[in-house]
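The residues making up each chain are set out below.
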Amino acid sequence: FLALIKNAEYVVSDSFHATVFSIIFKKQFFTFAKTDQESAISRLNNFLSVLGLKNRLNASDVNLQNIDYDNKTIEETFNEYSKTGKEFLSELA
């Protein structure tokens, strides 16, 4: 699974984890949320909103080849988001 994403030029998936690993591996991606799973849509919406990538979710009229992708900004935001999660988890221990 990870090798497929890491070696892909572009990732199209309905998976939260594929979306996260696409960002970690700095891959262009597009995510289709499973419409029958409201919690999955909510989690994807929240995650992509934090990173400023909400336009990557279920936008059927988007030209996938022309979406800007600023790896540096996304990486900085993702690292801050990740740091907050790690701090929360360490407080629980």
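Scroll up a little and you will see the structure.
The model shown is predicted, which means the values in this text are computed figures rather than measured ones.

### A short note on a nonpolar patch on the surface
Right, on to step 1. On the surface, Phe88, Leu89 and Leu92 cluster together into a nonpolar patch covering about 350 Å² of accessible area.
Right, on to step 2. Its location among the elements puts Leu89 in helix 4 (residues 71-92).

### Considering the pairing of strand 1 (residues 10-13)
Right, on to step 1. Side chains of strand 1 alternate between two faces, with Val11 and Ser13 buried and Tyr10 and Val12 left unburied.
Right, on to step 2. At this point the chain moves from strand 1, through helix 2 (residues 16-24), to the parallel strand 2 (residues 28-31), and the crossover so formed is right-handed.

### Examining unusual backbone geometry
Right, on to step 1. Non-glycine residue Lys26 carries a positive phi angle of around 60 degrees.
Right, on to step 2. The residue Lys26 is located in the loop between helix 2 and strand 2 in this model.
Right, on to step 3. By relative accessible area, which is 39% here, Lys26 ends up partly exposed.

### A short note on the pairing of strand 2
If a strand is regular, its side chains alternate between the two faces of the sheet.
Right, on to step 1. Bridge count between strand 1 and strand 2: four bridges; the pairing is parallel. What sits directly across from Val11, in strand 2, is Phe29.

Definitions and limits used
- Residues numbered from 1 in each chain as written.
- Predicted model: local features only at pLDDT ≥ 70, side-chain atom pairs only at ≥ 80, totals over all residues.
- Heavy atoms only, no water.
- Patch = residues over 30% accessible without salt bridge, like charges linked within 9 Å, V, L, I, M, F, W, Y side chains within 5 Å.
- Areas by Shrake-Rupley, 256 points an atom, 1.4 Å probe, with all protein chains shown as cover.
- Salt bridge = Lys/Arg side-chain N within 4 Å of Asp/Glu carboxyl O.
- Helix = DSSP H or I, 4+ residues; strand = E, 2+ residues; numbered from the N terminus.
- Buried < 20%, exposed > 50% of the residue type's maximum accessible area, 1.4 Å probe, protein only.
- Right-handed = clockwise from strand over helix to strand, strands pointing away.
- Pairing = 2+ DSSP bridges.

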